[in-house]
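Structural overview
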Amino acid sequence: MISDGLFLCPHCGEKLNGKNGSFMCVNGHCFDKAKSGYVNLLPPNRKNSVSPGDNKEMIQSRVRVMNKGYYKPLAEAIGKIFAEFNPASVLDAGCGTGYLCGELKKSFPETEFIGTDISKFAIEQAAKKSKETAFAVCSSKRLPISSGSIDAVICAFAPVYEQEFSRVNSDNGLFLRVVPAKEHLFKLKEFLYDNPRYNEDEDEAFSLYEPLKVEYVKGEFGGDADDFNALVRMTPYYYHTSSDKLERLNKIDYFTVNTEFELRVFRKKADFQKN
Ligand SMILES: C[S@@+](CC[C@H](N)C(=O)[O-])C[C@H]1O[C@@H](n2cnc3c(N)ncnc32)[C@H](O)[C@@H]1O
Ligand SMILES: [Zn+2]
């Protein structure tokens with residue numbers, strides 16, 4: 001659900017208001033509201049391909065995996081942080097199928113949740129599922145969102161645009177970054193590769209944020225051949241695994257692998273708050 005003035009016009013930066021099934025700014029730029037309720041704010045000249053971001057197949061895989069509770073422990077861990085910091089507005093940048101927004105909204109009904117992604121397929125799926133969240137197709141590089149309006153930005157397994165996240169973040173705003181931890185899906189790698197390696201520590205240094213804490217969120221993913229085909233299709237392993245190894249996935253009866261997410265919590269630095 002998109003409230004008036006929440007999103008900005010990608011052409012002129014004025015607020016967008018809902019009118020007769022579309023959204024319009026004072027300068028007459030108009031954007032259709034999709035049946036599922038989201039708005040596409042990615043102008044064609046800002047696309048780097050016809051369909052940027054995750055494709056339909058990747059999104060369907062992600063839906064299947066999320067439905068099996070893949071991110072449940074992660075949503076719970078983020079929920080604990082929200083209970084501590086009480087953000088009134090949350091942006092999930094590169095939200096994919098919108099699982100985190102949808103789950104967190106159930107525990108924090110008063111909080112405004114916004115999900116954005118460059119993939120139309122992702123946002124279509126997300127908007128169908130979570131009616132209480134405002135979804136828009138746009139790039140995290142240039143968010144159609146007012147400066148200083150977001151108390152917490154989540155970015156899970158999606159590209160980070162630090163300057164832009166900091167711009168939309170309110171004073172002392174939080175930034176929650178989720179990356180794979182060392183042992184994430186290691187059992188799956190053992191299944192697929194002859195010499196599996198642990199994930200390397202992706203050390204991201206941010207100049208506009210100060211680190212608050214890091215949490216390691218462990219879980220499990222169990223499923224059959226179709227579930228594991230879906231899981232592999234939403235990871236880079238799909239492109240780095242030979243077809244005979246991928247074929248082995250089809251022989252899975254039931255299998256369980258470990259998940260380990262690294263949840264890094266940052267706070268916007270005071271020096272940059274007025275930028
Ligand atoms: C690995 S998926 C993660 C999705 C979701 N955050 C999750 O954890 O389930 C990466 C997502 O980033 C999106 N993406 C890629 N480039 C983007 C950009 N420049 N701006 C916004 N989203 C982007 C993709 O379309 C995809 O949905
Ligand atoms: Zn406009």
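Please read all numbers here as calculations on a predicted model, not as lab measurements.

Let's shift gears to the domain arrangement of the protein chain. Interfaces are often sized by the accessible area lost when the parts come together. Looking at the assigned domains, one finds that the protein chain contains domain 1 (1–33) and domain 2 (37–182 + 200–218 + 260–272). Computed over C-alpha atoms, the centres of domain 1 and domain 2 are 22 Å apart. Between domain 1 and domain 2, the residue contacts involve 14 residues of the former and 19 residues of the latter. Both sides of the domain 1 and domain 2 interface together cover about 1,300 Å² of buried area, and 64% of this is carbon and sulfur.

Further remarks concern the coordination of the zinc ion (ligand 2). For the zinc ion (ligand 2), the full set of protein donor atoms is Cys9 (SG), Cys12 (SG), Cys25 (SG) and His29 (ND1), and the range of their distances to it is 2.1 to 2.3 Å. Here the zinc ion (ligand 2) is ringed by four donor atoms whose angles at the metal span 102 to 118°, and the overall shape comes out tetrahedral. Counting residues between consecutive donors of the zinc ion (ligand 2) along the chain gives the motif C-x2-C-x12-C-x3-H. Since its relative accessible area comes to 6%, cysteine 25 is described here as buried. By relative accessible area, histidine 29 is classed as partly exposed at 27%.

Take glycine 115: it is sitting in strand β6 (residues 112–117). Separated by 145 residues in the primary sequence, glycine 115 and glutamate 260 place their C-alpha atoms 23 Å from one another. Not counting residues within four places of it along the chain, the set of residues in contact with glycine 115 comprises Asp92, Cys95, Cys101, Ile123, Thr133, Ala134, Phe135 and Ala136.

Not every one of the 19 residues close to ligand 1 is listed here, only the nearest: Arg62, Tyr71, Gly94, Asp117 and Ala156. Backbone polar atom of serine 140 to a nitrogen atom of ligand 1: 2.9 Å apart, as the coordinates give it. Here ligand 1 has 590 Å² of accessible area as a free molecule, and 88% of this is covered by the chains. Split by residue class, the shell around ligand 1 holds 10 nonpolar, six polar and three charged.

This brings us to unusual backbone geometry. If you check the backbone angles, phenylalanine 157 has positive phi at about 55° while not being a glycine. Structurally, the position occupied by phenylalanine 157 is in the loop between β8 (150–156) and α5 (162–168).

So, about the packing of helix α1 (residues 56–67) against helix α4 (residues 120–129). Remark: α1 packs on α4, axes separated minimally by 9 Å, with the N-to-C direction vectors making an angle of 35°. Seen from above, α1 lies across α4 with right-handed handedness. On α4, the residues touching Lys56, Ile59, Val63 and Asn67 of α1 are Phe121, Ala122, Gln125 and Lys129. When the residues that make up the contact of α1 with α4 are grouped by side-chain class, the tally is four nonpolar, two polar and two charged.

What counts, and at which threshold
Residues numbered from 1 in each chain as written. Chains lettered and ligands numbered in written order. Predicted model: local features only at pLDDT ≥ 70, side-chain atom pairs only at ≥ 80, totals over all residues. Heavy atoms only, no water. Domains from an automatic or database assignment. Contact = heavy atoms within 4.5 Å. Buried area = accessible area lost by both parts, 1.4 Å probe. Donors = N, O, S within 2.8 Å, 3.2 Å for Na, K, Ca; no water. Tetrahedral: all angles 85-135°; square planar, octahedral: opposite > 155°, others 65-115°. Buried < 20%, exposed > 50% of the residue type's maximum accessible area, 1.4 Å probe, protein only. Helix = DSSP H or I, 4+ residues; strand = E, 2+ residues; numbered from the N terminus. Near = heavy atom within 4 Å. Polar contact = N/O pair within 3.5 Å; in protein donor to acceptor, adjacent residues only side chain to side chain. Areas by Shrake-Rupley, 256 points an atom, 1.4 Å probe, with all protein chains shown as cover. Nonpolar A, V, L, I, M, F, W, Y, C, P; charged D, E, K, R; others polar. Axes fitted to C-alpha atoms, helices over the stretch in contact; angles between N-to-C directions. Left-handed = near helix turned anticlockwise from the far one by under 90°.

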